[in-house]
Amino acid sequence: LFIVALSMGALGVALFFLAFTQLFISSNFTLWMSRLGAGFGLIASFCFLGVAGVPLDLDGRVHTIFLDAAFVSFIIAFLLIFLAVLFMPTLPRRFVGVFGIFAVVLIGYAILLLFLLFWGPTAGTFTWEIVQATGQKIIVAASILTALIQALNMPPLLLKNARPS
């Protein structure tokens, strides 16, 4: 179930980033930010597939490499797309709002990581693994939910851009 769910999520994230670039055609800056973001989004999707395909108990080192690369590339992709959205005045501000809420979730996760690093249980202990894994699952779920909400907001904009003037 985990492998199928994460693979489906990875596919959804990849499709989201590829489709989202279609909104940024009016300026070179937003176009390049969105394309660069989509590139990092595709890397994140590939790494999510790696996380699904190499469970922690099979090869912890490779699983962790995929996991770390997925989170770093996803955050970079998110920031680049967020910049493109901020500098695209024709996009409804609800796109900024959804990304803003996701940013709050990411900041919460960063605070959790700092807590674990300085005051939390010792790395590698059962408690540490539970807290770490739960935080990661929340971020994955929030990223998929963010992509879903943004994808549901896109069809009217894509149709508007597709109509002849």
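Caption draft 1: Seen up close, the nonpolar core. Membership of the largest hydrophobic core comes to 42 residues, with the highest contact counts inside it found for Phe20 and Val85. A total of twelve residues in this core trace back to one element, the largest contributor, which is helix α3 (residues 60-86). Residues in contact with phenylalanine 20, not counting those within four places in the same chain, are Ile81, Val85, Phe95, Phe99, Gln150 and Met154.

Caption draft 2: Up close: the packing of helix α1 (residues 2-20) against α3. Contact geometry of α1 with α3 gives a least axis separation of 12 Å together with a crossing angle of 25 degrees. For the element pair α1 / α3, the angle class is roughly parallel. Considering how the two elements wind past one another, α1 and α3 form a crossing that is left-handed. Residues Val13, Phe17 and Phe20 of α1 lie in contact with α3, whose contacting residues are Phe74, Ala77, Phe78, Ile81 and Val85.

Caption draft 3: Representation of the packing of aromatic side chains. Going through the model one piece at a time under the given rule, you end up with 17 aromatic pairs. Judged by centre distance (6.1 Å) and plane angle (75 degrees), the ring pair of phenylalanine 82 and phenylalanine 99 falls under edge-to-face. Highlighted residues: phenylalanine 82 in helix α3 and phenylalanine 99 in helix α4 (residues 94-118), separated in sequence by 17 residues. For the pair formed by phenylalanine 82 and phenylalanine 99, the shared burial category is buried.

Quick notes on the rules
Residues numbered from 1 in each chain as written. Predicted model: local features only at pLDDT ≥ 70, side-chain atom pairs only at ≥ 80, totals over all residues. Heavy atoms only, no water. Core = buried A, V, L, I, M, F, W, Y, C linked by side-chain atoms within 4.5 Å. Buried < 20%, exposed > 50% of the residue type's maximum accessible area, 1.4 Å probe, protein only. Helix = DSSP H or I, 4+ residues; strand = E, 2+ residues; numbered from the N terminus. Contact = heavy atoms within 4.5 Å. Axes fitted to C-alpha atoms, helices over the stretch in contact; angles between N-to-C directions. Parallel < 35°, antiparallel > 145°, perpendicular 65-115°, else oblique. Left-handed = near helix turned anticlockwise from the far one by under 90°. Phe/Tyr/Trp six-rings, centres within 6.5 Å; stacked < 30°, edge-to-face > 60°.

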